[in-house]
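# Understanding the architecture of this molecule
Spelled out, the chains give:
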Amino acid sequence: TQSTRPQRLLNAVQKKATRGDPRSVVKAIDDFCRHKEWAMNVGDEKGCILDSVVSEINPATVLELGTYCGYSTVRIARLLPPHAKLITLEFNPDFAAIARQVIAWAGLEEKVQLVEGASGDWIPKMKEQFGITTFDLVFLDHWKDRYLPDTKLMEECGLLRKGSVLLADNVICPGTPDYLEYIRSSPRYESRYFKSHLEYTKVEDGLEKSVFKG
Ligand SMILES: CCNc1ncnc2c1ncn2[C@@H]1O[C@H](/C=C/CNC(=O)c2cc(-c3ccc(F)cc3)cc(O)c2O)[C@@H](O)[C@H]1O
Ligand SMILES: [Mg+2]
C-alpha cells in the first residue's frame, strides 16, 4: 500500500535522527521538508521565533492546537522546564499516531500529552480532565478558520490569565483574517506581528504574538 507523507516524514526521522535527541529530530524533519517533500510544519525560520517566545515565557503549561506530525510539539517541549506540561490536540487519528512516534523518538513523552480529538470538544474539558487552571502559552496552528472561535472559547472557559500568550502561525499565508482583526482591535490583547516566511519557501508569512490583559 502507498505510504502517506506523514509516514515518509516519520521514516526520515527514524533514519536520520538520534533517539532521545530532539534537536536531531527537528533537523531531520526540516531537511526532509526542504529537500524531499514540503509539509506544513512551522519550519526552521518561524521555529526560531517560536523558540524565542517559549524561552522568554518559560511556560509551565502550554496548549498546542493542531499537532500534525509533532514538529512544533518537539520544538516547544525540548525547551520546557522539568515539570512543565504541553497538551497538544489532534483530531486526525493517522496524524496523531505519527506524531506520537515522532515525540517518542525525541524522548519527550514525559512532557507531552497528545490528546486525540477536536479543540472545540476538549477546550471546555481542560480543567476537569487535566487539572489545568490556565495556560501560560497557546500555539495556534490548526484549521485557520478555527483560530477565532477557539480563542473565544478559551476566554469563555477561563483558560487565559493576565499575561497568557497566544502565538498564532500562518496569519499571512494561508491567513487568518477574522482572528487578526479580532485580536488586533481587542483592548484585552497586546499584539505584535513577527514577519517571517512560509516554511521552507520565500513566500511571506508570520507569527502573531498576543498577550492577554485579563
Ligand atoms: C476542527 C478544529 N479543531 C481541531 N482540533 C484538533 N486538531 C485539528 C483541528 N483542526 C485541524 N486540526 C489538525 O491540525 C492540523 C491542521 C493544520 C492546518 N494547517 C494548515 O492548513 C497550514 C497550511 C499551510 C499552507 C500554506 C501555503 C500553501 F500553499 C499550502 C499550505 C501552512 C501551514 O503552516 C499550515 O499550518 C492537522 O493535523 C489537523 O488534523
Ligand atoms: Mg502552520
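These notes cover the structure that comes with them. (Residues numbered from 1 in each chain as written. Chains lettered and ligands numbered in written order. Predicted model: local features only at pLDDT ≥ 70, side-chain atom pairs only at ≥ 80, totals over all residues. Heavy atoms only, no water.)

## A closer look at the overall build of the protein chain
What counts is decided by this rule: Starting at the N terminus, helices and strands are each numbered in turn, a helix being any DSSP run of H or I of at least four residues and a strand any DSSP run of E of at least two. It is over C-alpha atoms that the radius of gyration is taken, and the globule rule equals 2.2 Å times the number of residues to the power 0.38. Residue exposure (1.4 Å probe, protein chains only): buried if accessible area is under 20% of the type maximum, exposed if over 50%, otherwise partly exposed. Here a residue-residue contact requires only that any non-hydrogen atoms of the pair lie within 4.5 Å. Accessible surface is estimated by sampling points in the Shrake-Rupley manner with a 1.4 Å probe; for residues, cover comes only from the protein chains shown. Asp and Glu are treated as the negative residues and Lys and Arg as the positive ones, with His and the ends of the chain left uncounted. Taken as the charge location is NZ of Lys, CZ of Arg, CG of Asp or CD of Glu.
In terms of helices and strands, the protein chain carries 10 helices and seven strands. Relative to the 2.2 N^0.38 estimate, which gives 17 Å for 214 residues, the radius of gyration of the protein chain is 16 Å and therefore close to what a compact globule would have. Principal-axis analysis of the C-alpha atoms gives the protein chain an extent of 50 × 40 × 35 Å. In the protein chain, which comprises 214 residues, the share counted as buried stands at 54%. In the protein chain, once contacts between residues fewer than 6 apart in sequence are set aside, the share between residues at least 24 apart is 72%. When the accessible surface of the protein chain is split by element, carbon and sulfur atoms take 52% of a total near 9800 Å². Separation between the mean location of the 29 positive side-chain charges and that of the 30 negative ones in the protein chain comes to 4 Å.

## Remarks on the site of ligand 1
Applied cut-off: One heavy atom within 4 Å of a molecule or strand is enough for the residue carrying it to be called near that molecule or strand. Any pair of N or O atoms that falls within 3.5 Å is considered a polar contact. Within protein, one atom must be able to donate a hydrogen and the other to accept it, and sequence-neighbouring residues count only if both atoms are side-chain atoms. Buriedness of a pocket was judged along seven lines, with at least five required to meet protein on both sides within 12 Å; pockets are open sets of points on a 1 Å grid over the protein atoms alone, cavities are sets where a 1.4 Å probe fits but cannot get out, and lining residues have an atom within 4 Å of a point. A molecule is said to be in a cavity or pocket once over half of its atoms fall within 2 Å of that pocket's grid points.
Around ligand 1, the structure places 23 residues, and the nearest of them are Glu90, Ser119, Lys144, Asn170 and Glu199. With respect to ligand 1, the side chain of asparagine 170 contributes an N or O atom lying 2.7 Å from an oxygen atom. A distance of 2.5 Å separates an oxygen atom of ligand 1 from a polar atom in the side chain of glutamate 199. The pocket occupied by ligand 1, as judged from atoms lying within 2 Å of grid points, is the largest pocket.

## What about the nonpolar core?
The criterion, for reference: Side-chain atoms within 4.5 Å are what join buried Ala, Val, Leu, Ile, Met, Phe, Trp, Tyr and Cys residues into a set we call a nonpolar core.
Grouped together as the largest cluster of nonpolar side chains are 44 residues, with contacts concentrated most on Leu9, Val25, Ile29, Val74, Ile76 and Val102. At the level of elements, helix 1 (5-16), helix 2 (22-35), helix 3 (43-57), helix 4 (71-77), helix 5 (93-105), strand 3 (112-116), strand 4 (137-140) and strand 5 (165-168) are the ones that each hand at least two residues to this core. Non-local contacts of valine 102, meaning those with residues more than four positions away in its chain, are made with Leu9, Leu10, Val25, Ile29, Cys69, Gly70 and Val74. Counting residues in each nonpolar core, the second largest holds 26 residues, with Leu89, Ile132, Leu160 and Ile183 among its members.

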